[in-house]
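# Tertiary structure, described
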Amino acid sequence: AEPPGPADSLSVGYFNPSLNLATADRLDEALLAAEAGRVAAPEAGLERRFGQDLAALTGDILLRLGRVDAALDVLSEGLALAPGGIGTIYLSTVRARIAGIRGDDAEFERRLGAMDLEGLDPDVAAYVAAVNSRAQPIAVVRNSACSSPPPIAWMMKAPAKAIGTEPRHSHFTSSVL
């Protein structure tokens, strides 16, 4: 269903539900909403405004589903919209996450090295910090286990648990972030 409202809220009408579905670990539904937003944004003439973050969200979901190559394709499309190829904080962070998983330290550092966490929204800063402490996500993705507790990753799910909902893990990478 199409979200109601003016054209500039069209993409947000897809982004927010997709983000909430992904947070609830309903990744297949989240992916459908994110992909619908990626279609709606250019149709409304808003690809430059919303395209990078919709690509980041779609790539993040695909990565959590274990579809790394598809995530990289989507992220590349989002980065093509970015002046200088760096992208929004979210887009660059998801791309850095894949670089960290693949052991590409130069790309990882290029994407995250200059980010000032204190200047970011707390939710975004928590995500960047979780990716920046990449030892845990790499261990989970490579070995389906980790040797140390993932404090930031688990704190990111705290609000959902506080209202009495428990995440449904559809894929082992869902518990990473």
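What comes next concerns the included structure. (Residues numbered from 1 in each chain as written. Predicted model: local features only at pLDDT ≥ 70, side-chain atom pairs only at ≥ 80, totals over all residues. Heavy atoms only, no water.)

### Remarks on the overall build of the chain
- Tallying secondary structure elements over the chain gives 10 helices and zero strands in all.
- Going from N to C terminus, the chain has its helices and strands arranged as α-α-α-α-α-α-α-α-α-α.
- For the chain, the proportion of its 177 residues judged to be buried stands at 44%.
- Taking contacts inside the chain between residues at least 6 apart in sequence as the whole, the part at least 24 apart equals 62%. (Helix = DSSP H or I, 4+ residues; strand = E, 2+ residues; numbered from the N terminus. Buried < 20%, exposed > 50% of the residue type's maximum accessible area, 1.4 Å probe, protein only. Contact = heavy atoms within 4.5 Å.)

### What to know about unusual backbone geometry
- We note that Asp25 has phi near 65°; this positive angle belongs to a residue other than glycine.
- As for its position among the elements, Asp25 is in the loop between α1 (10–23) and α2 (27–43).

### Notes on the environment of Leu75
- If you trace the backbone, Leu75 turns up in helix α4 (residues 68–80).
- The exposure class of Leu75 is buried, given its relative accessible area of 0%.
- When the C-alpha positions of Leu75 and Leu54 are compared, they lie 9.4 Å apart, and in sequence the two are 21 residues distant.
- Sequence-distant contacts of Leu75, defined by excluding residues within four places in its chain, comprise Ala55, Ala56, Gly59, Leu91, Val94, Arg95 and Ile98.

### Some details on the packing of helix α3 (residues 47–64) against α4
- Relative to each other, α3 and α4 sit at 170°, their axes nearing to 8 Å. By the angle class used here, α3 and α4 are roughly antiparallel. Of α4, the residues touching α3 (which contributes Arg48, Gln52, Ala55, Ala56, Thr58, Gly59, Leu62 and Leu63) are Val68, Ala70, Ala71, Val74, Leu75, Gly78 and Ala80.
- Of the residues belonging to the contact of α3 with α4, the class tally is 10 nonpolar, four polar and one charged. (Axes fitted to C-alpha atoms, helices over the stretch in contact; angles between N-to-C directions. Parallel < 35°, antiparallel > 145°, perpendicular 65-115°, else oblique. Nonpolar A, V, L, I, M, F, W, Y, C, P; charged D, E, K, R; others polar.)

### Observations concerning the nonpolar core
- Among the nonpolar cores identified, the biggest contains 36 residues, and Ile61, Tyr90 and Leu112 are the most heavily contacted of them.
- Those elements giving two or more residues to this core turn out to be α1, α2, α3, α4, α5 (89–101), α6 (105–112) and α7 (122–132).
- In terms of residue count, α3 provides more of this core than any other element does, eight residues in total.
- Excluding residues within four positions of it along the chain, Leu112 makes contact with Thr93, Ala96, Val128, Val131 and Asn132. (Core = buried A, V, L, I, M, F, W, Y, C linked by side-chain atoms within 4.5 Å.)

### A short note on the environment of Asn16
- With respect to the secondary-structure elements, Asn16 resides in helix α1.
- For Asn16, a relative accessible area of 36% corresponds to the partly exposed category.
- Spatially, the C-alpha atom of Asn16 lies 9.1 Å from that of Ala33, the residues being 17 residues apart in sequence.

### With respect to the pattern of salt bridges
- Applying the stated criterion across every chain, the model contains seven salt bridges.
- Ionic pairing is found between Asp25 and Arg64, a salt bridge with its closest N-O pair at 3.1 Å. With Asp25 in the loop between α1 and α2 and Arg64 in helix α3, the pair connects residues that are 39 residues apart, well separated along the chain.
- We note a salt bridge from Glu107 to Arg110, for which the minimum N-O separation is 3.1 Å. Of this pair, Glu107 and Arg110 both sit in helix α6, separated by three residues, roughly a single helical turn.
- Owing to a relative accessible area of 46%, Arg110 belongs among the partly exposed residues under this scheme.
- In the salt-bridge network here, residues are joined through shared partners; they are Glu107, Arg110 and Arg111. (Salt bridge = Lys/Arg side-chain N within 4 Å of Asp/Glu carboxyl O.)

### Some details on α5
- A rise of 1.5 Å per residue sets the reference length of α5, with its 13 residues, at 18 Å; its end C-alpha atoms lie 18 Å apart and thus fit the reference within 8%.
- In terms of burial, α5 is largely enclosed, as 12 of its 13 residues are buried.
- For α5, every residue scored as buried is listed here: Tyr90, Leu91, Ser92, Thr93, Val94, Arg95, Ala96, Arg97, Ile98, Ala99, Gly100 and Ile101.
- Directly beyond the C-terminal end of α5, a positive phi value near 80° is found at Gly103. (Expected span 1.5 Å × (residues − 1).)

These figures come from the coordinates and say nothing about function on their own.
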